[in-house]
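Structure at a glance
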Amino acid sequence: FCIQTMKRAMMPLKKILKEPHNKKIVVIDIDMTVANNNKRLMSSLVAGEIDYEKLFGHEQFKLDQLINGCRVAIDKIRDRYHVLYLSARRCDVYEPTKEWLESNDLFEEGDYLVLVDCVEDKKAVLDGLDAKIKLYIDDFGYNYHKEVVEINHGYILYLKEKGIPFVVFNNNWLEIMERYFNGK
C-alpha cells in the first residue's frame, strides 16, 4: 500500500458509508475500461518486458485514449450513483491519473479516485464498501503486453465470495448500461 494515498482516498469514502440515504457506488477500473492504455504500454516495453518507470512516467499518460461510450455511460451513472475509480496503478501517479480523467471529462466533483499498487490491494478498499456497491466494472485483465491477455480469476472469485455484483468489461459500455442501468 501507499499509506499516504490510501489515507487520502479512504477519508471521503468513509463519508459515503455514513450517509443516511442509500445512494450506492459504481466502482470503475481505469485501464482498458475507460482508458485504452495500449500505446503507453507498448511504448514502455524493453526487450518484451515492461519498464515501469516509462509506463508510469507522467507525460506518458497523454498516450492513453478514451474508450468509446464510457463518457456518456459514466455521466448517466453519476446521475444516480457515486462514481469510484479504483485502479491498480502505482499510487504515485494519482495526480496525472486524475488530470487525465478530468481532461477527458470523466472526473467531476463528488467522484472518487483510489489508486493502489496491485490488484490484491483493491480488496482493502472494497472491504466495508461491499454493501454500498451497485456494480463493479473491470476488464480483470493483465499481461496485455503478452500474446494472450490473462484474466484475474482469483479476484473475480473474491468478488463473488463478497457478494459484490460485477461485470467483466469487454468494450461493452452500451450493453452494461442496458443490462444494469435500464439503458438510462
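Residues numbered from 1 in each chain as written. Predicted model: local features only at pLDDT ≥ 70, side-chain atom pairs only at ≥ 80, totals over all residues. Heavy atoms only, no water.

A separate point is the overall build of the chain. Tallying secondary structure elements over the chain gives eight helices and 11 strands in all. With 184 residues in all, the chain has 46% of them scored as buried. Taking contacts inside the chain between residues at least 6 apart in sequence as the whole, the part at least 24 apart equals 78%. For the chain, the accessible area works out to roughly 9,600 Å², and carbon and sulfur atoms hold 51% of it. (Helix = DSSP H or I, 4+ residues; strand = E, 2+ residues; numbered from the N terminus. Buried < 20%, exposed > 50% of the residue type's maximum accessible area, 1.4 Å probe, protein only. Contact = heavy atoms within 4.5 Å. Areas by Shrake-Rupley, 256 points an atom, 1.4 Å probe, with all protein chains shown as cover.)

Assignment of secondary structure puts Asn152 in the loop between strand 10 (150-151) and helix 7 (153-162). In this structure the side chain of Asn152 is engaged in a polar contact, spanning 3.3 Å, whose partner is the backbone nitrogen of Gly154. A distance of 2.9 Å separates a polar atom in the side chain of Asn152 from the backbone nitrogen of Tyr155. (Polar contact = N/O pair within 3.5 Å; in protein donor to acceptor, adjacent residues only side chain to side chain.)

All right, on to the pairing of strand 1 (residues 25-28) then. Residues Ile25 and Val27 point to one face of strand 1 and Val26 and Ile28 to the other, with burial holding for every one of them. As paired strands, strand 1 and strand 6 (residues 82-87) are joined by four bridges and run parallel to one another. What sits directly across from Ile28, in strand 6, is Tyr85. Where strand 1 and strand 8 (residues 133-138) come together, four bridges link them in parallel fashion. Of the residues in strand 8, the one forming a bridge with Ile25 is Ile133. (Pairing = 2+ DSSP bridges.)

Turning our eyes to something else, we now look at the sheet that holds strand 11 (residues 166-168). Pairing is parallel across the open sheet formed by five strands, whose spatial order is 7-6-1-8-11. Since the sheet does not close on itself, it has two edges, and those belong to strand 7 (112-115) and strand 11, each with one partner. If you compare each strand with its neighbour and ignore which way they point, the axes differ by 20 degrees on average. The strands that helix 8 (residues 173-180) touches are strand 1, strand 8 and strand 11; relative to strand 8, the one it contacts most, it runs at about 160 degrees. (Axes fitted to C-alpha atoms, helices over the stretch in contact; angles between N-to-C directions.)

Here we come to the layout of surface pockets. In this approach the atoms are scanned with a rolling probe the size of a water molecule, which exposes any empty space left behind. Taken as a whole, the second largest pocket encloses approximately 150 Å³ of empty space. His58, Glu59, Phe61, Lys62, Pro96, Glu99, Trp100 and Ser103 are the residues that line the second largest pocket. When its residues are assigned to classes, the lining of the second largest pocket shows three nonpolar, two polar and three charged. (1 Å grid on protein atoms, 1.4 Å probe; cavity = no way out; pocket = protein on both sides within 12 Å on 5 of 7 lines; lining within 4 Å. Points joined across faces, edges and corners; volume = space filled by probe spheres on them. Nonpolar A, V, L, I, M, F, W, Y, C, P; charged D, E, K, R; others polar.)

It is worth spelling out the packing of aromatic side chains at this point. The full count for this structure, using the stated rule, is eight aromatic pairs. Site record: aromatic cluster; members linked through ring pairs are Tyr136, Phe140, Tyr155, Tyr158 and Phe166. (Phe/Tyr/Trp six-rings, centres within 6.5 Å; stacked < 30°, edge-to-face > 60°.)

Taken together, the buried positions of helix 6 (residues 119-126) are Asp121, Lys122, Lys123, Val125 and Leu126. Phi for Gly128, located one or two positions after helix 6, is positive at around 95 degrees.

Bringing the pairing of strand 8 into the picture now. The buried count for strand 8 comes to five of six residues, which makes it a mostly enclosed element. Here three bridges tie strand 8 to strand 11, and the two strands are oriented parallel to one another. Paired with Asp138 across the bridge in strand 11 is Val168.

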